[in-house]
Amino acid sequence: MGASDQQTLAVWKFASCDGCQLSLLDCEDELLLLADRLRIAYFLEASSAVVEGPYDVSIVEGSITTAHDAERIQEVRRRSRTLITIGACATAGGIQALRNFADVQDFTAIVYASPDYISTLQTSTPISAHVPVDFELNGCPINKSQLLEVIAAHLAGRRPRVRAHSVCMECKRRGTVCVMVAHGTPCMGPVTHAGCGAICPAYDRGCYGCYGPMEAPNTAALGAQMTELGASEVDLVRMYRTFNADAEAFRRAGEAHERG
Ligand code: SF4
Ligand code: SF4
């Protein structure tokens, strides 16, 4: 297979911690196996060598928090045939979307010695709020195997096999005893998107929802169960206000508990 059969891959960073890009770097052995099909053309975290676009597929990490980035993502979309977003920041606004529930000036005044130098938007928003997105991969950070599946599916021209069921299903599959049922440990697994392999319950911890909402989560039922375990409305608001606070289902659940 010649170079002309290769697809070009670009990786872009917006407001984020780089953890999802590190998951991609962690795939280097597997990506080498795909070298005849995929050419990494733009990935500044891995190499300063840049091939000019347009690109067959772009992977985007991070949320939009500045006016400059709101313009930059339009340019990225124009130069990308397929655009895939990865991680809680790119798919839901990330932990930095906590500003969406407050006044960002209150945060900059506390964090920076000279907040006047900070130029930022009032909100942190996912990439899909700005441009059409072809596929969103949840996680904080994303799961390496799921990322490889998304890339392989793209190369094969099919839908990625990434299930949108809950973390509870993953507990059942690996035979983990439910921490909520057996020990009364609060767990967001019933409303959280699968993908991590239910790693926290496997270590006797409750899930704290880092993969964001599953498809059609029953947050009311989980709220009732958490209340039975002793959680207050404030606890429940805090439970939803983390990495995926502004993902629609978690935002609505948080607001419902805020109203009490
Ligand atoms: S431990 Fe959590 S994720 Fe696992 S089955 Fe129980 S509620 Fe679901
Ligand atoms: S917090 Fe939940 S979704 Fe995140 S790694 Fe732990 S079990 Fe998985």
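Because the structure is a prediction, the values reported are computed rather than measured.

**Student:** Describe the overall build of the chain, with residues and values.
**Tutor:** Looking only at helices and strands, one finds 12 helices and 5 strands in the chain. By its C-alpha atoms, the chain is 60 × 50 × 30 Å across when sized along the principal axes. Summing over all exposed atoms, the chain offers an accessible surface of approximately 13,200 Å²; the carbon and sulfur share of this is 53%. For the chain, the distance from the average site of its 23 positive side-chain charges to the average site of its 30 negative ones is 5 Å.

**Student:** Report on the nonpolar core, specifying residues and quantitative values.
**Tutor:** With 21 residues, the main nonpolar core has Leu24, Leu31, Leu38, Ile86, Leu137, Leu147 and Ile151 as its most contacted residues. Within the residue set of this core, elements represented by two or more residues are β1 (7-13), α1 (19-25), β2 (38-43), β3 (55-61), β4 (80-86), β5 (135-137) and α6 (144-156). With 5 residues, α6 is the largest single contributor of residues to this core. Within the second largest apolar cluster, 17 residues are counted, among which are Met188, Leu222, Ala231 and Leu236.

**Student:** Describe the site of ligand 1, listing the residues and the values that go with them.
**Tutor:** Around ligand 1, a shell composed of Val167, Cys168, Cys171, Lys172, Cys178, Val179, Met180, Cys187, Gly189, Pro190 and Pro201 is seen. The set of elements that each furnish at least two residues to the shell around ligand 1 consists of α7 (167-174) and α8 (179-183). Of the residues forming the shell around ligand 1, the biggest block, 4 residues, is contributed by α7. The class makeup of the residues in the shell around ligand 1 is 9 nonpolar, 1 polar and 1 charged.

**Student:** Give me the lowdown on the packing of aromatic side chains, citing residues and values where you can.
**Tutor:** Evaluation of the coordinates by the stated rule reveals 5 aromatic pairs. Arranged with centres 6.3 Å apart and planes meeting at 50°, the rings of Tyr42 and Tyr55 form a pair that is tilted. Residue Tyr42 is found in strand β2, and its partner Tyr55 is found in strand β3; the two are separated by 13 residues along the sequence. Of the residues examined, Tyr55 reaches a relative accessible area of 3% and is grouped as buried. An aromatic cluster is built from Trp12, Tyr42 and Tyr55, whose rings are joined through pairwise contacts. Sitting over the face of the ring of Phe14, Arg72 holds its NZ or CZ atom 3.8 Å from the ring centroid. Of note, Arg241 hangs over the ring of Phe101, and the distance from its end group to the ring centre comes to 4.0 Å.

**Student:** Please set out the side chain of Ser63 residue by residue, giving values where relevant.
**Tutor:** Structurally, Ser63 is set in the loop between β3 and α3 (67-78). A relative accessible area of 0% means that Ser63 is categorised as buried. A polar side-chain atom of Ser63 sits 2.8 Å from a polar atom in the side chain of Ser124. Not counting the four nearest positions on each side in its chain, Ser63 is found in contact with Phe14, Ala15, Asp69, Cys89, Ala90, Gly93, Gln96, Ser124 and Thr125.

**Student:** Could you give an account of the pattern of salt bridges, with specific residues and numbers?
**Tutor:** Inspection of the entire model under this criterion finds 12 salt bridges. Its salt-bridge partner being Glu30, residue Lys144 comes within 3.5 Å of it at the nearest N-O pair. Of this pair, Lys144 sits in helix α6 while Glu30 is found in helix α2 (residues 28-33), placing the two residues 114 residues apart along the sequence. One salt bridge connects Arg78 with Glu75, and the closest N-O pair in it is separated by 3.1 Å. With Arg78 and Glu75 both in helix α3 and 3 residues apart, the pair spans about one turn of that helix. Under the relative-accessibility criterion, Glu75 is labelled partly exposed at 33%. One continuous salt-bridge network, built from bridges that share partners, spans Asp26, Glu30 and Lys144.

**Student:** Provide a residue-level description of empty space enclosed by the protein, including the pertinent values.
**Tutor:** Over the atoms a probe the size of a water molecule is rolled, and this reveals where empty space is left. For the structure on display, the rule yields 1 cavity of 30 Å³ or more. In terms of lining residues, the largest cavity is bounded by Leu9, Leu38, Val57, Ile59, Ile84, Ile151, His154 and Leu155. At the level of secondary structure, the elements contributing two or more residues to the lining of the largest cavity comprise β3 and α6.

**Student:** Give a description of the packing of helix α11 (residues 233-240) against helix α12 (residues 248-259) that names residues and reports values.
**Tutor:** One can describe the packing of α11 onto α12 by two numbers: an axis separation of 8 Å at closest approach and a directional angle of 165°. The angle between the axes of α11 and α12 places the two elements in the roughly antiparallel class. Between α11 and α12 lies a crossing of left-handed hand. Judged by residue contacts, Glu233, Leu236, Val237 and Tyr240 of α11 engage Phe250, Ala253, Gly254, His257 and Glu258 from α12.

The rules we used
- Residues numbered from 1 in each chain as written.
- Chains lettered and ligands numbered in written order.
- Predicted model: local features only at pLDDT ≥ 70, side-chain atom pairs only at ≥ 80, totals over all residues.
- Heavy atoms only, no water.
- Helix = DSSP H or I, 4+ residues; strand = E, 2+ residues; numbered from the N terminus.
- Areas by Shrake-Rupley, 256 points an atom, 1.4 Å probe, with all protein chains shown as cover.
- Lys, Arg positive; Asp, Glu negative; His and termini not counted.
- Charge placed at Lys NZ, Arg CZ, Asp CG, Glu CD.
- Core = buried A, V, L, I, M, F, W, Y, C linked by side-chain atoms within 4.5 Å.
- Buried < 20%, exposed > 50% of the residue type's maximum accessible area, 1.4 Å probe, protein only.
- Near = heavy atom within 4 Å.
- Nonpolar A, V, L, I, M, F, W, Y, C, P; charged D, E, K, R; others polar.
- Phe/Tyr/Trp six-rings, centres within 6.5 Å; stacked < 30°, edge-to-face > 60°.
- Lys NZ or Arg CZ within 6 Å of the ring centre and 35° of its normal.
- Polar contact = N/O pair within 3.5 Å; in protein donor to acceptor, adjacent residues only side chain to side chain.
- Contact = heavy atoms within 4.5 Å.
- Salt bridge = Lys/Arg side-chain N within 4 Å of Asp/Glu carboxyl O.
- 1 Å grid on protein atoms, 1.4 Å probe; cavity = no way out; pocket = protein on both sides within 12 Å on 5 of 7 lines; lining within 4 Å.
- Points joined across faces, edges and corners; volume = space filled by probe spheres on them.
- Axes fitted to C-alpha atoms, helices over the stretch in contact; angles between N-to-C directions.
- Parallel < 35°, antiparallel > 145°, perpendicular 65-115°, else oblique.
- Left-handed = near helix turned anticlockwise from the far one by under 90°.

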